[in-house]
Amino acid sequence: MSISQEEVVIVGGTDGHRGEFTTEPGAGLINAETFEGLTDALITHQINEGESGPFVVGGDTRPSGSVLHHAVVSGALSRGMEVIDLGLQAPTPAIQWVAREEGGIAAISFTASHNGAEDNGWKGLIGYNKPTSAEVEDISRLYWDKGRVVPYDAQGNVQVRPELLDTYADAVVKNIEDEFGEKPLSGKRFVVDGANGAALNITPMIFERLGAHVDRFSCDESGVINDGCGAEHLGGLETFLL
């Protein structure tokens, strides 16, 4: 049964729905149930708008990533989507770029940005763009209206395409070199704090391709995302520089 505009509980916002991951059931929590339902609602919104195309998904390296990744993919497959899966080292800008290049109906980045490893988030994209406040409200309405969880083990067409991240990197390097010339960072040295996150490989690689010498901190996949590293923990980088 539909709920009135006044009763709509907004799930997240234009920057997504994030918080501490839980295995407990419950609508609106950061769990598989919510991620699956929100994915269904996002795709429903786009179909209602007459949009079509593949669905793009990717995320970061959080411990909860594999569970929520499965939920998002299942939510898309339950709507008959062709899914382009970029994996668990896919920065949000790369997901947006792939969605644009592939003509995606929608995309989801599951990440909680600088939050601790215990958190995660669902960031839905309209095609390759951030949703407006009105679009977030409609997706939330569709989520609550449905009132049930889509099948968790839906089967369908999933294309695992991590190589598209390399294509994205090629495009970034070309764009910069078209503007500033070949290897514009030659002779320069950078320290990259990869925060053990989604961009831990792609960011230093792009800098190196642009000619820079790169010292890598928290880029070796041996640590936990944002644990002693990243934007909220600069002490780790300071120690690395000593």
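Preceding this section is the structure that the text describes.
Residues numbered from 1 in each chain as written. Predicted model: local features only at pLDDT ≥ 70, side-chain atom pairs only at ≥ 80, totals over all residues. Heavy atoms only, no water.

Q: Explain the overall build of the protein residue by residue, including any values.
A: Looking only at helices and strands, the protein has seven helices and eight strands in total. Since a compact globule built from 242 residues should have a radius of gyration of about 18 Å, the 19 Å found for the protein is in line with a globular shape. Along the first, second and third principal axes, the C-alpha set of the protein runs to 65 × 35 × 35 Å. Residue burial in the protein is summarised as follows: out of 242 residues, 45% are buried. When contacts within the protein are restricted to residue pairs at least 6 apart in sequence, those whose partners lie at least 24 apart make up 75%. Summed over all atoms, the accessible surface of the protein reaches about 11500 Å², with 50% contributed by carbon and sulfur. Looking at charge distribution, the protein has the averaged site of its 16 positive side-chain charges lying 5 Å from that of its 37 negative ones. (Helix = DSSP H or I, 4+ residues; strand = E, 2+ residues; numbered from the N terminus. Rg over C-alpha atoms; globule rule 2.2 N^0.38 Å. Buried < 20%, exposed > 50% of the residue type's maximum accessible area, 1.4 Å probe, protein only. Contact = heavy atoms within 4.5 Å. Areas by Shrake-Rupley, 256 points an atom, 1.4 Å probe, with all protein chains shown as cover. Lys, Arg positive; Asp, Glu negative; His and termini not counted. Charge placed at Lys NZ, Arg CZ, Asp CG, Glu CD.)

Q: Talk me through the sheet that holds strand E5 (residues 119-126); I want residue IDs and the actual numbers.
A: Pairing is mixed across the open sheet formed by six strands, whose spatial order is E1-E5-E4-E2-E3-E6. Every other strand in the sheet has two partners, leaving strand E1 (17-20) and strand E6 (158-160) as the edge strands with one partner each. The sheet shows a mean angle of 15° between the axes of neighbouring strands, direction not considered. Both strand E4 (residues 106-110) and E5 contribute to a ladder of five bridges, which runs antiparallel. Residue Ile108 lies in a different strand from E5, and its bridge partner there is Gly124. The strands that helix H1 (residues 32-48) touches are E1, strand E2 (55-59), E4 and E5; relative to E5, the one it contacts most, it runs at about 10°. (Pairing = 2+ DSSP bridges. Axes fitted to C-alpha atoms, helices over the stretch in contact; angles between N-to-C directions.)

Q: Run through the pattern of salt bridges, naming residues and quoting values.
A: Following the criterion strictly, the structure yields nine salt bridges and no others. One salt bridge in this structure joins Asp40 and Lys146, with 2.8 Å as the shortest N-O distance. Of this pair, Asp40 sits in helix H1 while Lys146 sits in helix H4 (residues 133-146), and the two are 106 residues apart along the sequence. Look at Asp40 and you get buried, because its relative accessible area is 4%. (Salt bridge = Lys/Arg side-chain N within 4 Å of Asp/Glu carboxyl O.)

Q: Give a detailed account of a nonpolar patch on the surface, specifying residues and quantitative values.
A: A surface patch of nonpolar side chains, amounting to about 250 Å² of accessible area, comprises Val191, Phe240 and Leu241. Looking at Val191, the relative accessible area reads 33%, which means it is partly exposed. (Patch = residues over 30% accessible without salt bridge, like charges linked within 9 Å, V, L, I, M, F, W, Y side chains within 5 Å.)

Q: Outline the packing of aromatic side chains, supporting the account with residue identities and numerical values.
A: Within this structure, the stated rule accounts for four aromatic pairs. Ring centres of Phe190 and Phe207 lie 4.9 Å apart, and the angle between their planes is 65°; this geometry places the pair in the edge-to-face category. Of this pair, Phe190 sits in strand E7 (residues 189-193) while Phe207 sits in helix H6 (residues 202-209), placing them 17 residues apart in sequence. By relative accessible area, Phe207 is classed as partly exposed at 26%. (Phe/Tyr/Trp six-rings, centres within 6.5 Å; stacked < 30°, edge-to-face > 60°.)

Q: Lay out the pairing of E7 in plain terms, naming residues and giving numbers.
A: Look at any regular strand and the pattern is simple: side chains alternate between the two faces of the sheet. Sheet topology note: the E7/strand E8 (residues 213-217) ladder contains five bridges and is parallel. Counterpart to Val192 in the pairing with E8 is Arg216. Note that the unit made of E7, H6 and E8 has a crossover that is right-handed. (Right-handed = clockwise from strand over helix to strand, strands pointing away.)

Q: Break down unusual backbone geometry for me, citing the residues and quoting the values.
A: One non-glycine residue with positive phi stands out, namely Asn196, at about 50°. Along the polypeptide, Asn196 turns up in the loop between E7 and H6. Its identity is not glycine, yet Asn226 carries a phi of approximately 60°, on the positive side. Note on placement: Asn226 falls in the loop between E8 and helix H7 (234-241).

Treat this as a map of the structure, not an account of what it does.
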